[in-house]
Amino acid sequence: MNRTDVLIAIAELARTGGGSEPEDAISQLAIIIDGLELSNSGSEHVMEMLLRIAACLWNLQQERMRL
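Conventions used here
- Residues numbered from 1 in each chain as written.
- Predicted model: local features only at pLDDT ≥ 70, side-chain atom pairs only at ≥ 80, totals over all residues.
- Heavy atoms only, no water.
- Salt bridge = Lys/Arg side-chain N within 4 Å of Asp/Glu carboxyl O.
- Helix = DSSP H or I, 4+ residues; strand = E, 2+ residues; numbered from the N terminus.
- Patch = residues over 30% accessible without salt bridge, like charges linked within 9 Å, V, L, I, M, F, W, Y side chains within 5 Å.
- Areas by Shrake-Rupley, 256 points an atom, 1.4 Å probe, with all protein chains shown as cover.
- Core = buried A, V, L, I, M, F, W, Y, C linked by side-chain atoms within 4.5 Å.
- Buried < 20%, exposed > 50% of the residue type's maximum accessible area, 1.4 Å probe, protein only.
- Expected span 1.5 Å × (residues − 1).
- Polar contact = N/O pair within 3.5 Å; in protein donor to acceptor, adjacent residues only side chain to side chain.
- Contact = heavy atoms within 4.5 Å.

### Comments concerning the pattern of salt bridges
Enumeration according to the criterion identifies four salt bridges in this entry. The closest approach of N and O atoms between Arg-52 and Glu-48, which form a salt bridge, is 3.4 Å. Residue Arg-52 and its partner Glu-48 are located together in helix 3 (residues 43-66), separated by four residues, close to a single helical turn.

Structure (structure tokens):
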């Protein structure tokens, strides 16, 4: 999938209610990060991006809990 296809798929999942709850998404990202083989080229960069996404979700979840 190219980036446009991915964004369309994300928007469609969100529109139809198929997205994960933030706490589930954080857990799913943790599973993906745990499974990364860091000896592969580029894996550290991917891990860093996934951690940033997880941090974003964490912040959204914390904000949601305050409402």
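From this point, the discussion proceeds with the structure in view.
### Observations regarding a nonpolar patch on the surface
Judged by side-chain polarity, Met-1, Val-6, Leu-7 and Ile-10 come together as a nonpolar surface patch covering roughly 440 Å² of accessible area. Residue placement: Ile-10 occurs in helix 1 (residues 3-15).

### Observations regarding the nonpolar core
Among the nonpolar cores identified, the biggest contains seven residues, and these are Ala-25, Ile-26, Leu-29, Ile-33, Leu-50, Ala-54 and Leu-57. Looking at this core, the elements that each hand over two or more residues are helix 2 (22-35) and helix 3. Element by element, the count of residues in this core is highest for helix 2, at four residues.

### Observations concerning helix 1
Under the 1.5 Å per step criterion, the end-to-end length of helix 1 is 18 Å for 13 residues, consistent within 8% with the ideal 18 Å. Here helix 1 lies mainly on the outside; zero of its 13 residues are buried. Taking the backbone nitrogen of Thr-4 as reference, a side-chain oxygen 3.0 Å away marks Asn-2 as the first, capping residue of helix 1. Residue Gly-17 follows helix 1 closely and has a positive phi angle near 80°.

### Side note on helix 3
With 24 residues, helix 3 should cover 34 Å at 1.5 Å per step; its first-to-last C-alpha distance of 35 Å lies within 8% of that length. By the burial criterion, the buried members of helix 3 are Ser-43, Leu-50, Ala-54, Leu-57 and Gln-61. On its buried face, helix 3 sits against helix 2.

### Focus on the environment of Asp-34
Following the sequence through the fold, Asp-34 ends up in helix 2. For the pair Asp-34 and Gly-19, spaced 15 residues apart in sequence, the C-alpha separation works out to 21 Å.

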